[in-house]
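# Architecture and fold: a report
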Amino acid sequence: MDIIIIIIIAVGILQLPLLVDVIRNLFPRLNIERITQDYASYLLFSLVVTVYSGFMYLFFSAYLYVKAENPYATINGWIHIFLASYFCIVSFFHYTYASFHDPGTAPLATLGSHTDYPVCTKCDRIKVGATRHCKVCQRCICMMDHHCPFTVNCVGLNNFYYFVSFLGYAWLGMSFAIYMTFTAFMGCMIGQTSYRNALPASICFNLGKNAIVLVPIVTLWLALGTLLAFQIICLLCNVSTLDFSLLFRQTKSLRKMWYQFRNMEFLQENSRMQVLYFSRRNYFWQHFLPLPIQDLPCCY
Ligand SMILES: [Zn+2]
Ligand SMILES: [Zn+2]
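Before going into details, it helps to say that this report is about the structure given with it. (Residues numbered from 1 in each chain as written. Chains lettered and ligands numbered in written order. Predicted model: local features only at pLDDT ≥ 70, side-chain atom pairs only at ≥ 80, totals over all residues. Heavy atoms only, no water.)

### Focus on the overall build of the protein
Using the following cut-off: Secondary structure elements are defined from DSSP: runs of H or I of at least 4 residues count as helices, runs of E of at least 2 residues count as strands, and each element is numbered from the N terminus. Burial status follows relative accessibility: with a 1.4 Å probe on protein chains alone, a residue under 20% of its type maximum counts as buried, one over 50% as exposed, and anything between as partly exposed. Here, two residues are considered to be in contact whenever any of their heavy atoms come within 4.5 Å of each other. Positive charges come from Lys and Arg, negative ones from Asp and Glu, while His and the chain ends are left out of the count. By convention, the point assigned to a charge is CZ for Arg, NZ for Lys, CD for Glu and CG for Asp.
Looking only at helices and strands, the protein has eleven helices and four strands in total. In terms of overall dimensions, the protein has a C-alpha envelope of 75 × 45 × 40 Å along the principal axes. Taking all 300 residues of the protein together, the buried fraction comes to 46%. In the protein, 62% of the contacts between residues at least 6 apart in sequence involve partners at least 24 apart. Side-chain charges of the protein comprise 20 positive and 13 negative groups, with the mean position of each set lying 8 Å from the other.

### Considerations on unusual backbone geometry
A positive phi angle, near 50 degrees, is found at Val152, a position not held by glycine. Taking the relative accessible area as the measure of exposure, Val152 reaches 12% and is therefore buried.

### Focus: empty space enclosed by the protein
Heads up, the condition is: Cavities and pockets are found on a 1 Å grid laid over the protein atoms alone: a cavity is a set of points where a 1.4 Å probe fits but cannot escape, a pocket is an open set with protein on both sides within 12 Å along at least five of seven lines, and a lining residue has an atom within 4 Å of such a point. Grid points are joined across faces, edges and corners, and a volume is the space filled by probe spheres set on the points.
Under the definition given, this model contains one cavity of 30 Å³ or more. If you go around the largest cavity, you meet 34 residues; those closest to its centre are Val51, Tyr52, Phe55, Met174 and Leu220. Contributions of two or more residues to the lining of the largest cavity are made by helix 3 (32-67), helix 4 (75-100), helix 5 (160-190) and helix 8 (214-237). Here the element with the most residues in the lining of the largest cavity is helix 5; it accounts for ten residues.

### Thoughts on the state of the cysteines
Definition in use: Counting rule for disulfides: a pair of cysteine sulfur atoms within 2.5 Å.
Enumeration according to the criterion identifies two disulfides in this entry. In this model, Cys142 is linked to Cys298 through a disulfide, with the two sulfur atoms separated by 1.4 Å. The disulfide joining Cys142 to Cys298 has a torsion of about 75 degrees about its S-S bond and is therefore right-handed. Taken together, the residues Cys142 in the loop between strand 2 (139-141) and strand 3 (146-148) and Cys298 in the segment after helix 11 (272-277) connect sequence positions 156 residues apart. Here Cys142 and Cys298 have matching classes, each one buried. Assigning the bonded cysteines of the protein consecutive numbers by sequence position, one obtains the connectivity 1-4, 2-3. Of the cysteine sulfurs around Cys237, a residue in no disulfide, the closest is that of Cys234, at 6.9 Å. Relative accessible area serves as the criterion here: at 5%, Cys237 is assigned to the buried category.

### So, the packing of aromatic side chains
A ring pair, where both rings are aromatic, is described by two values, the distance of the centres and the angle of the planes. Cut-off, in case you're wondering: Only the six-membered ring of Trp is used, alongside the rings of Phe and Tyr, when aromatic pairs are assigned; centres must lie within 6.5 Å, and planes under 30 degrees apart are stacked while those over 60 apart are edge-to-face, with the rest tilted. Only when the NZ of Lys or the CZ of Arg is both within 6 Å of the ring centre and within 35 degrees of the ring normal is a charge said to sit over the ring.
All told, the structure shown has 24 aromatic pairs when counted by the stated rule. Ring geometry for Phe182 and Tyr195: centres 5.8 Å apart, planes at 85 degrees, overall edge-to-face. Of this pair, Phe182 sits in helix 5 while Tyr195 sits in helix 6 (residues 193-197), and the two are 13 residues apart along the sequence. For Tyr195, a relative accessible area of 28% gives the class partly exposed. For the ring pair Phe230 and Phe244, a centre distance of 5.1 Å and an interplane angle of 85 degrees mean the geometry is edge-to-face. Of this pair, Phe230 sits in helix 8 while Phe244 sits in helix 9 (residues 241-251); the two residues are 14 residues apart in sequence, bridging distant segments of the chain. Judged by relative accessible area, Phe230 falls into the partly exposed class, the value being 27%. For Phe244, a relative accessible area of 8% puts it in the buried group. An aromatic cluster of three or more residues is present, and its members are Tyr42, Phe45, Tyr52, Phe92, Tyr95, Phe100 and Phe166. When the ring centre of Tyr179 is taken as origin, the NZ or CZ atom of Lys67, which lies over that ring, is 4.3 Å away.

### A few points about the coordination of the zinc ion (ligand 2)
Rule in force here: The rule for donors is simple: N, O or S, within 2.8 Å of the metal, or within 3.2 Å if the metal is Na, K or Ca. Water isn't counted, so a site may look like it is missing partners.
Donor atoms from the polypeptide that bind the zinc ion (ligand 2) are Cys134 (SG), Cys137 (SG), His147 (ND1) and Cys154 (SG), placed at 2.1 to 2.2 Å. On the primary sequence, the residues serving as donors to the zinc ion (ligand 2) are separated as C-x2-C-x9-H-x6-C. Of this pair, Cys134 sits in strand 1 (residues 132-134) while Cys154 sits in strand 4 (residues 153-155), placing them 20 residues apart in sequence. There is no split in this pair, since Cys134 and Cys154 are both buried.

### Focus on the environment of Ala211
Note on placement: Ala211 falls in the loop between helix 7 (203-207) and helix 8. C-alpha of Ala211 to C-alpha of Cys188: the two residues are 23 residues apart in sequence and 6.8 Å apart in space. Ala211 has contacts with Tyr63, Ala184, Phe185, Cys188 and Met189, leaving out every residue within four places of it along the chain.

Right, dumping it as structure tokens:
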């Protein structure tokens, strides 16, 4: 099968969790995620690996030559190789951690000496501060943000950092991919002469119908951009995704969140932005590297 067909199918299936989310909201009693939970994370992970491999294959076999005719002998070529590899490695690292790292499961009430704390009646775990019980994972998660259908994992205290970093780097990576593939799409697929003339002579022949790869790239760019923008708005309002949806359903207006944003709560030391993101690195430059963060204890 052609690499482009594989990419389009994989990107298509990756949108399915969105459908699952819609069905779950429309029919809350159905609990369909519980059924798919066990194998879905591995399925989605393999699809993500497929999409990454497909993009990297197309980059090294064709698109690199669009921007640099002799890429391995020029600085320009190596800059493109570095950027493509960097976005690929850093975003994939954060996706893996967001999917498989413990989001911050609350300790069981029977363990330790936390008897003064309130206990969850559903999972017998200690419930302090922003701890929430996840219906899908059936356990309490510290500083739970939401249950993510794309990573098939809860997003909470110890993996929110990875989740948001993944969205950021993957979105930047897709922006870079649009820059790499746009000219070839316009020149080879749409047949615009001005774009075609700007391309090396053999590129349309080499790419064939693979030039349509811009379409799945733009789809991913839009999806990731929307999710990233929503997460940034939640952080600025200093509320979790769950609380944001709840507040929005109750007030039916964005005014309440807007007031919180105006209070500049997100700059405080105990705000979600500080606890979940900025305080997790000792040095600012560490944010740009694929390095694990230190886990925080659930009750502090
Ligand atoms: Zn619970
Ligand atoms: Zn969950």
